[in-house]
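Descriptive analysis of the structure
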Amino acid sequence: MEDGIQRHRWIITAEKLAEYQGDEGGQLETLSAFEGTREEAERALEQAARTMTVGTFLQERRRLVYRQLDGSYLVRCTGRMGGRHSRVVRAAHLVWDSDAKDGS
C-alpha cells in the first residue's frame, strides 16, 4: 500500500455468450493482468469493453457496450454480414494465492 492507496493484482476477462442454439458459449479469455487500484481497474475494464477484439473473422459494423448493475460490461457486436457476437467483460482482483509464501 502506497500513501493509503490499496493496490491489487487484477485480471480482466471476457466470456463468450451463446448467440444461438448449438453455439459454444461460456468460453473465458483473459484480456489482461496487472497491478493497480480499483479506479485503474475500472478504467481498464471500460477500455477493454470498447476496444477488445470480439470475433476473429467479424468485420465489425456496430458495437454496443452496456454497463451492467454488477459493474461488468455486456459487449454486443454486429458484423457487416449480419453475424452477432456478445461478450461479458469483467474485472476481478486476487484475494488469495495458495502459492504465496506469506499466506495472503
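These lines cover the structure that appears in this document, whether it is placed above or below. Everything numeric in this text was worked out from a predicted model, so none of it was measured.

1. Things to note about the overall build of the protein chain
When you go through the protein chain residue by residue, the secondary structure sums to one helix and five strands. Of the regular secondary structure in the protein chain, the N- to C-terminal order runs β-β-α-β-β-β. Its C-alpha atoms give the protein chain a radius of gyration of 16 Å, clearly above 13 Å, the size a compact globule of 104 residues would have. Each of the three principal axes of the protein chain carries a C-alpha extent, and together these read 50 × 25 × 25 Å. Relative to its 104 residues, the protein chain shows a buried fraction of 29%. Long-range contacts, defined here as pairs at least 24 residues apart, represent 43% of the contacts in the protein chain between residues at least 6 apart. Accessible surface for the protein chain amounts to roughly 7600 Å². Of this, 46% is attributable to carbon and sulfur atoms. If you average the places of the 16 positive and of the 17 negative side-chain charges in the protein chain, the two averages end up 10 Å apart.

2. So, the environment of Ala91
Looking at the element boundaries, Ala91 is found in strand E5 (residues 84-93). In the structure, Ala91 is positioned 20 residues away from Gly71 in sequence and 8.6 Å away in space, judged by C-alpha atoms. Apart from the residues lying within four places of it in its own chain, the contact partners of Ala91 are Trp10, Ile11, Ile12 and Leu45.

3. Topic: the side chain of Arg87
The residue Arg87 is located in strand E5 in this model. Glu29 provides the closest opposite charge to the buried, salt-bridge-free Arg87, at an N-O distance of 5.4 Å. Side-chain polar atoms of Arg87 contact the backbone oxygen of Val54, separated by 2.4 Å.

4. Examining the pairing of strand E3 (residues 60-67)
Sheet analysis places E3 next to strand E4 (residues 73-79), joined by seven bridges and oriented antiparallel. Residue pairing for E4: Val65 is matched across the bridge by Val75. If you look at the hairpin formed by E3 and E4, you'll find five residues sitting between the two strands, and Gly71 has a positive phi there, around 95°.

The rules behind each value
- Residues numbered from 1 in each chain as written.
- Predicted model: local features only at pLDDT ≥ 70, side-chain atom pairs only at ≥ 80, totals over all residues.
- Heavy atoms only, no water.
- Helix = DSSP H or I, 4+ residues; strand = E, 2+ residues; numbered from the N terminus.
- Rg over C-alpha atoms; globule rule 2.2 N^0.38 Å.
- Buried < 20%, exposed > 50% of the residue type's maximum accessible area, 1.4 Å probe, protein only.
- Contact = heavy atoms within 4.5 Å.
- Areas by Shrake-Rupley, 256 points an atom, 1.4 Å probe, with all protein chains shown as cover.
- Lys, Arg positive; Asp, Glu negative; His and termini not counted.
- Charge placed at Lys NZ, Arg CZ, Asp CG, Glu CD.
- Salt bridge = Lys/Arg side-chain N within 4 Å of Asp/Glu carboxyl O.
- Polar contact = N/O pair within 3.5 Å; in protein donor to acceptor, adjacent residues only side chain to side chain.
- Pairing = 2+ DSSP bridges.

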